[in-house]
Amino acid sequence: MSLGFKNSLFFGQFNTVQLGSSKSRSQKHRILSIEPVRTSVLDGYIVPRNIKGKIDNLGKVKLIKDFVLRSKSVLTVDKEVDVDGNGELGRERSNYDAIVIGSGIGGLVAATQLAVKGAKVLVLEKYVIPGGSSGYYERDGYTFDVGSSVMFGFSDKGNLNLITRALAAVGCEMEVIPDPTTVHFHLPNDLSVQVHREYIDFISELAAKFPHEKDGILKFYGECWKIFNALNSLELKSLEEPIYLFGQFFQKPLECLTLAYYLPQNAGDIARKYMKDPQLLSFIDAECFIVSTVNALQTPMINAAMVLCDRHFGGINYPVGGVGGIAKSLSKGLVDQGSEILYRANVTNIILEHGKAVGVRLSDGREFFGKTIISNATRWDTFGKLLKGETLPKEEENFQKVYVKAPSFLSIHMGVKAEVLPPDTDCHHFVLEDDWARLEEPYGSIFLSIPTVLDSSLAPEGHHILHIFTTSSIEDWEGLSTKDYEAKKKVVADEIISRLEKKLFPGIRSSIAFMEVGSPKTHRRYLARDKGTYGPMPRRTPKGLLGMPFNTTAVDGLYCVGDSCFPGQGVIAVAFSGVMCAHRVAADIGIEKRSPVLDAALLRLLGWLRTLA
């Protein structure tokens, strides 16, 4: 989802707390621990070893009062935030090992990983706080997550806990609250499925809904576990660095071959090998839609497996104080490592000298120079705006032939009276009421986060936060007068709230205490993303991840990081992108080992593979 700290916590008082400490959500819920998942084969299925012996029992398991719609855009803040940045950087020609454009999670992970290797890094952020779509804002006593509240990669075990590792690299820890249910699906034909933290509980519930498909369910998710365990056994670094790749292959040949086998495959094709029930296949589409904003046939199997298993292996863990605290912690850690972050720094141009990226120019005329430039903007923004006037490289042309911009979102941030929600309400919900065909249509499906179910400190006493978002195209919002634009936001929000009131929470409209609505134009304005997009979407059925570009670009010295790079959208994916980018850049600036001959050969090979997509 398709992702703040209050008062003393916000202003840098990061008392480190052991990751994994938990706070009970309700006395009726027990926070479940999960052993490290190793696989074993039982009756032909790949399953986590800790559920061995239980598999045979599957299938037997037991808004309207009038409200004032704020005219201010959803990402504004009540006051300028005092952030740990270097706001007094001068206009001199400073030289850095790397300059990072944008402080989204991908950019911050790349920056901090480089900083701990000894590189001098400068991060430039257009807004007044870090995080991008994983940022936050405060209003009227509420601390709202800008994007999704579902945090993958935030556990204390394995190799895919990339957020935990990124924080630890700069000496930071955050207290987290385990979420017992990743998401509660409310689907057509009254299909209700809770994705429980424990894998056996989820599989048991799904098999009970589709007892005739028990075998196929086990086989499909079993293949997901094969991929996840292969990924989780490897040291994750740049796939564009041949010394690392050869080393991993010689150490873990079977795991590397497993990933190579699944690289060109999509989740929908594998699901259809094992399942026939149309409604079950539609459920798999919904599972993948959350991962990639497209259906299962268009979702790379590796992406799907990474998310569909990590939610059970490490679990979804919400950071105390809000998702924005992750970026705040990484930014603080970056500065502690001797590097710098500058806010209100709107990069308008990447400076080239003799075809090499050597610096950036800000909207106020300041220029900064470095050995390498890393863009956390989308590839469309990077090559269409920051390099305007330059010929589009052939590989970027090919990328844009294979992928289009995924739609943006309509976001509704609400504060409601707590009594309107049932006591055992889950934190995350996905709603598609009547027609499976509406899954990918604008406003068709609704994702809802209620982070105060886990952390009540995010809202005034006696209130909950509801963050509602649904896909929306920016074309639907352009050409409107200010009056018509605000009126349309109210009409669309009213319809969404009516649907939630009918499906989930009767009386919610009369309980609204606060409400702001952001359109795709809001996302474009504050997150500097072309058309407000949240990453690439294949024009047609892709060949897995083959077509996704990596971090290097055709412009010498310029790298990209984030959701328009391999492996794509989502917090865990962009963190992976950041780790890979830092490794490749570190090798190129001489901090890590490299082989220019092997580098050139591998980059040519990867470029050829992308053409097969």
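Residues numbered from 1 in each chain as written. Predicted model: local features only at pLDDT ≥ 70, side-chain atom pairs only at ≥ 80, totals over all residues. Heavy atoms only, no water.

In the annotation of an unreviewed UniProt entry, the entry for the protein reads Amine oxidase domain-containing protein, and the organism field reads Populus tomentosa.

Trainee: A description of the packing of aromatic side chains should follow, citing residues and the corresponding values.
Mentor: The description of an aromatic ring pair uses the distance of the two centres, along with the angle that the planes make with each other. Throughout the structure, instances matching the rule amount to 23 aromatic pairs. With a centroid separation of 5.4 Å and 40° between ring planes, the pair formed by Trp380 and Phe399 is classed as tilted. Linking Trp380 in helix H12 (residues 379-386) with Phe399 in helix H13 (residues 394-402), this pair joins segments that are 19 residues apart in sequence. Across this residue pair, the class does not change: Trp380 and Phe399 are buried. Through pairs of rings, three or more aromatic residues link up here, namely Tyr137, Tyr142, Phe144 and Phe514. The aromatic ring of Tyr485 is capped on one face by Lys521, whose charged end is 4.9 Å from the ring centroid. If you follow Arg529 out to its NZ or CZ, it ends over the ring of Tyr534, 5.2 Å from the centre. (Phe/Tyr/Trp six-rings, centres within 6.5 Å; stacked < 30°, edge-to-face > 60°. Helix = DSSP H or I, 4+ residues; strand = E, 2+ residues; numbered from the N terminus. Buried < 20%, exposed > 50% of the residue type's maximum accessible area, 1.4 Å probe, protein only. Lys NZ or Arg CZ within 6 Å of the ring centre and 35° of its normal.)

Trainee: Which residues make up the side chain of Thr378, and what values go with them?
Mentor: By the secondary structure assignment, Thr378 is in the loop between strand E14 (367-375) and H12. Within the structure, Thr378 has its side chain in polar contact with the side chain of Asp381 (distance 2.6 Å). Not counting residues within four places of it along the chain, the set of residues in contact with Thr378 comprises Arg529, Asp530, Thr533 and Ser564. (Polar contact = N/O pair within 3.5 Å; in protein donor to acceptor, adjacent residues only side chain to side chain. Contact = heavy atoms within 4.5 Å.)

Trainee: Can you break down the environment of Lys126 residue by residue, with the values?
Mentor: Here Lys126 lies in the loop between strand E4 (121-124) and strand E5 (136-139). When its relative accessible area of 38% is taken as the criterion, Lys126 is described as partly exposed. Considering only alpha carbons, one finds Lys126 and Gly102, 24 residues apart in sequence, at a separation of 7.0 Å. Excluding its chain neighbours within four sequence positions, the residues that come into contact with Lys126 are Arg344, Ala345, Asn346, Arg525 and Ala528. Among the polar contacts listed, one links the side chain of Lys126 to the backbone oxygen of Arg525, at a separation of 3.2 Å.

Trainee: Report on the pairing of strand E20 (residues 512-518), specifying residues and quantitative values.
Mentor: Here E20 lies mainly inside the structure; 6 of its 7 residues are buried. Sheet topology note: the strand E16 (residues 408-417)/E20 ladder contains 6 bridges and is antiparallel. Residue Ser411 lies in a different strand from E20, and its bridge partner there is Gly518. (Pairing = 2+ DSSP bridges.)

Trainee: For unusual backbone geometry, give the residues involved together with the corresponding values.
Mentor: Cis geometry is found at the peptide bond from Phe566 to Pro567, where omega equals 5°. Backbone geometry places Asp190, a non-glycine residue, at a positive phi of 60°. Within the secondary structure layout, Asp190 lies in the loop between strand E8 (181-187) and strand E9 (191-196). Of note in the backbone geometry, Lys531 takes a positive phi value of approximately 60° without being a glycine. Structurally, Lys531 can be placed in the loop between helix H15 (520-527) and strand E21 (536-538).

Trainee: With reference to specific residues and values, describe a nonpolar patch on the surface.
Mentor: On the surface, Ile243, Phe246, Phe249, Phe250, Leu257 and Leu598 cluster together into a nonpolar patch covering about 590 Å² of accessible area. Counting residues per element, the nonpolar patch draws most heavily on helix H6 (residues 242-251), which supplies 4 residues. Of note, Phe246 is situated in helix H6. (Patch = residues over 30% accessible without salt bridge, like charges linked within 9 Å, V, L, I, M, F, W, Y side chains within 5 Å. Areas by Shrake-Rupley, 256 points an atom, 1.4 Å probe, with all protein chains shown as cover. Salt bridge = Lys/Arg side-chain N within 4 Å of Asp/Glu carboxyl O.)

Trainee: Describe in detail the sheet that holds strand E17 (residues 428-431), supporting the description with residues and values.
Mentor: Spatial ordering of the open sheet is given by E9-E8-E17-E18-E19-E16-E20, a layout of 7 strands whose pairing is mixed. A strand with exactly one partner marks an edge of an open sheet, and here the two such strands are E9 and E20. Between one strand axis and the next, the sheet turns through 15° on average, direction left out of account. Examined bridge by bridge, E8 and E17 share 3 bridges and lie parallel to one another. Pairing of His184 across the sheet is with His429, part of E17. Against the sheet, helix H14 (residues 482-503) touches E8, E16, E17, strand E18 (446-449), strand E19 (463-472) and E20, its axis set at about 125° to E20. (Axes fitted to C-alpha atoms, helices over the stretch in contact; angles between N-to-C directions.)

Trainee: Break down the packing of helix H5 (residues 214-232) against helix H9 (residues 278-292) for me, with residues and values.
Mentor: Close contact between H5 and H9 brings their axes to 12 Å; oriented N to C, the two are set at 25°. The angle between the axes of H5 and H9 places the two elements in the roughly parallel class. Considering the relative orientation of H5 and H9, their crossing is right-handed. Mapping the contact onto sequence places Ile217, Phe220 and Tyr221 in H5 and Leu280, Phe283, Ile284 and Glu287 in H9. Of the residues contributing to the contact of H5 with H9, the split by class is 6 nonpolar, no polar and 1 charged. (Parallel < 35°, antiparallel > 145°, perpendicular 65-115°, else oblique. Left-handed = near helix turned anticlockwise from the far one by under 90°. Nonpolar A, V, L, I, M, F, W, Y, C, P; charged D, E, K, R; others polar.)

Trainee: So, the environment of Asn189: which residues are in play, and what are the values?
Mentor: Mapping Asn189 onto the fold places it in the loop between E8 and E9. Sequence separation between Asn189 and Asp434 is 245 residues, and the spatial gap between their C-alpha atoms is 6.9 Å. Setting aside anything within four residues of it in sequence, one finds Asn189 in contact with Gln279, Glu433 and Trp436. Within the local environment of Asn189, its side chain forms a polar contact with the side chain of Gln279, the two groups lying 2.8 Å apart.

Trainee: Which residues make up the pattern of salt bridges, and what are the values?
Mentor: Here the structure, examined in full by the defined rule, presents 27 salt bridges. With its nearest N and O atoms 2.8 Å apart, the salt bridge here joins Glu396 to Arg379. On the criterion of sequence distance, the pair formed by Glu396 in helix H13 and Arg379 in helix H12 is long-range, its members being 17 residues apart. For Glu396, a relative accessible area of 1% gives the class buried. Looking at Arg379, the relative accessible area reads 1%, which means it is buried. One continuous salt-bridge network, built from bridges that share partners, spans Arg584, Asp588, Arg594 and Asp599.

Trainee: How would you sum up the environment of Trp477? Please name residues and give values.
Mentor: Within the secondary structure, Trp477 sits in the loop between E19 and H14. Judged by relative accessible area, which is 0%, Trp477 ranks as buried. Trp477 sits 43 residues away from Pro520 along the chain, and the two C-alpha atoms are 7.6 Å apart. Sequence-distant contacts of Trp477, that is, excluding residues within four places in its chain, are made with Leu410, Tyr443, Ser472, Tyr485, Lys488, Lys489, Val492, Ser519, Pro520 and Lys521. A distance of 3.2 Å separates polar atoms of two side chains, one belonging to Trp477 and the other to Tyr443. A distance of 2.9 Å separates the side chain of Trp477 from the side chain of Ser472, its partner in a polar contact.

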